[in-house]
Amino acid sequence: MTASRYILAIDQGTTSTRSIVFDAKGDIAGKDQREFAQSYPDLGWVEHDPETIWNDVVATARAALADAGVDAAAVAAIGIANQRETVVVWDRRSGRAIHPAIVWQDRRTTEACEALRQAGHEPLVQARTGLRLDPYFSASKLAWILDHVPGARAEAEQGRLAFGTIDSFLLWRLTGGRVHATDATNASRTLLFDIHRQAWDEDLLALFGIPAALLPEVRDNCADFGETQAEILGASVPIRGMAGDQQAALIGQACFSQGMIKATYGTGCFMLMNTGSEAVASNARLLTTTAYRLDGKPTYALEGSIFVAGAAIKWLRDQLGLIVRASDTSSLATTVPDGHGVYMVPAFVGLGAPYWDPHAKGLIHGLTLDASAAHIARAALESVAFQTNDLIEAMFADGASRPSALRVDGGMAANDWLCAFLSDIIAAPVERPVNVETTALGVAFLAGLGAGVWPSLAAISEGWRLDGRFEPTMPADRRADCLDGWNDAMARARYRPAPKAATRPPAPKALQTQDA
Ligand SMILES: Nc1ncnc2c1ncn2[C@@H]1O[C@H](COP(=O)(O)OP(=O)(O)O)[C@@H](O)[C@H]1O
Ligand SMILES: O=P(O)(O)OC[C@H](O)CO
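What you are looking at is a predicted structure, and each value in this text was computed from that prediction instead of being measured.

Further remarks concern the packing of helix H13 (residues 373-395) against helix H14 (residues 416-426). For the pair H13 and H14, interaxial distance at closest approach is 9 Å and the crossing angle is 40°. The angle between H13 and H14 places the two elements in the oblique class. Two packed elements cross with a definite hand, and for H13 against H14 that hand is right-handed. Residues Arg378, Leu381, Glu382, Val384, Ala385, Phe386, Thr388, Asn389 and Ile392 of H13 form the contact with H14, whose own contacting residues are Trp417, Leu418, Phe421, Leu422, Ile425 and Ile426. Along the lines of polarity and charge, the residues of the contact of H13 with H14 split into eleven nonpolar, two polar and two charged.

Encoded structure:
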């Protein structure tokens, strides 16, 4: 890469938007970040304002360039990484969204997915997409918008509307409405894309009632995605890389060999294992997904998706007022010698892998009068490790093997206490790189590769640097006790349908007399 050239990475996450300028060596030259408001308009609903997201992307990109002291003209390429699955539908004429973005965590389409499952459609969906019939993915959310915004379905059929995940919406805006495209990783999360043929699937479009006229074109992760309008950043900049944030993090963690695993701890936690050119189907309720696609050739991954990780810490801060900063959790956790039998199952938006229970609700179990705020904070951190272990057990389904190391990143990975406890609970080493902004780094590499400024993925592996390695030290019997407590709490959080009236035992005699 020539010394005067930079890459601008945009990382649009669930709770915040970051822009980071990387220099020729892959080091951070400047950055900016903004947290934005979450909207919960109904039980289980989660929405974002697309205009806020757009304004934050522009503001952080400008601020990051200013922080680096770099002009847009010196930027070789832009890369975009994004929260995946979240749905935006916009009007092609005005570029304005016709409904707030429906976020990946939103559960409003639980019944619609259940109806499709009961009608026997899950095997087809799984075989083509590697995913499950769960409200997590885009298709049912997109159908909901078409069915609930007056006139939307007719407009969509006439080609007046566009659908996109956040990457696609940002690309449309950055290019002034000239490019309607997405990349293979984001397309793979919609429930409408055949990951084997790498193409939109007509049967799935028919199943969810989605007009093909809405869809973006699907490109490689390193591709020509067009150029930004000059007035946005002060010069026109090519966009050469795009990827879902979790796949971008896999790249930023240099997990290019089969069997390498990373877990990213942001709002949720997403563990991806590279499975090479083979789309491996899990028999333990994990997802099969596109890891990246370069030169038309897909590499696949097995994924375990945990819906709540850092979001539990944010809940302690924003809803309970138990902490002031997320980092306070580690000092609080160390004020008590152990968990004291207190467990938190953070099923605030149901449960993802390997449970896939959209009805589960969060709980704190094991409270006694001497339980304190410290125990609750500790239980929230511990829940992240326990959920990770559930995924490891599912990935290594023989029950005995462990990964040689788990590479971690994301906002929560800065927490040393968590990394150490995580290593104890998964009984394997945890490795944290120097740069935990791996999502931005990964997509910066894609853009740099796409712009021809980095020669190959090998350059990323060479640049990966270890910051901390956490080895397991917990005695096996203590670990087993912890896991027993977790499994008990998890069983309590799972959804159990109320018994049907006909199968209920008869009411006691006295009550029957009173009722009569
Ligand atoms: N030191 C910390 N300890 C525990 N949790 C943290 C810490 N720092 C950040 N977090 C949590 O990590 C999340 C932010 O991570 P980030 O990677 O920015 O998320 P996202 O990309 O999903 O918006 C927040 O939910 C926050 O509560
Ligand atoms: O916002 P994050 O970083 O928690 O990532 C969200 C995921 O992409 C959802 O699938």
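A few words on unusual backbone geometry. Going from Ala353 to Pro354, the amide bond is cis rather than trans, its omega being -5°. Within the element layout of this structure, Pro354 appears in the loop between strand E18 (343-345) and strand E19 (363-365). Here Glu85, not a glycine, exhibits a phi torsion of approximately 70°, which is positive. Residue placement: Glu85 occurs in the loop between strand E5 (75-82) and strand E6 (88-91). On the basis of relative accessible area, Glu85 is assigned to the buried category, the value being 1%.

Packing of helix H1 (residues 50-68) against helix H6 (residues 166-174) brings their axes to within 11 Å, and their N-to-C directions diverge by 65°. When the axes of H1 and H6 are compared, the crossing they make is right-handed. Counting all contacts with H1, which are made through Pro50, Glu51, Ile53, Trp54 and Val57, the residues of H6 involved are Ile166, Phe169, Leu170, Arg173 and Leu174.

Before going further, it helps to spend a moment on the site of ligand 2. Taken together, the residues surrounding ligand 2 are Gly13, Thr14, Gln83, Arg84, Glu85, Trp104, Tyr136, Asp245, Gln246, Thr267, Gly268 and Phe270. Between an oxygen atom of ligand 2 and a side-chain N or O atom of Thr14, the distance comes to 2.4 Å. Between ligand 2 and Asp245 there is a distance of 2.6 Å, counted from an oxygen atom to a side-chain nitrogen or oxygen. Out of a free accessible area of 310 Å², ligand 2 has 93% covered by protein chains.

The rules we used
- Residues numbered from 1 in each chain as written.
- Chains lettered and ligands numbered in written order.
- Predicted model: local features only at pLDDT ≥ 70, side-chain atom pairs only at ≥ 80, totals over all residues.
- Heavy atoms only, no water.
- Axes fitted to C-alpha atoms, helices over the stretch in contact; angles between N-to-C directions.
- Helix = DSSP H or I, 4+ residues; strand = E, 2+ residues; numbered from the N terminus.
- Parallel < 35°, antiparallel > 145°, perpendicular 65-115°, else oblique.
- Left-handed = near helix turned anticlockwise from the far one by under 90°.
- Contact = heavy atoms within 4.5 Å.
- Nonpolar A, V, L, I, M, F, W, Y, C, P; charged D, E, K, R; others polar.
- Buried < 20%, exposed > 50% of the residue type's maximum accessible area, 1.4 Å probe, protein only.
- Near = heavy atom within 4 Å.
- Polar contact = N/O pair within 3.5 Å; in protein donor to acceptor, adjacent residues only side chain to side chain.
- Areas by Shrake-Rupley, 256 points an atom, 1.4 Å probe, with all protein chains shown as cover.

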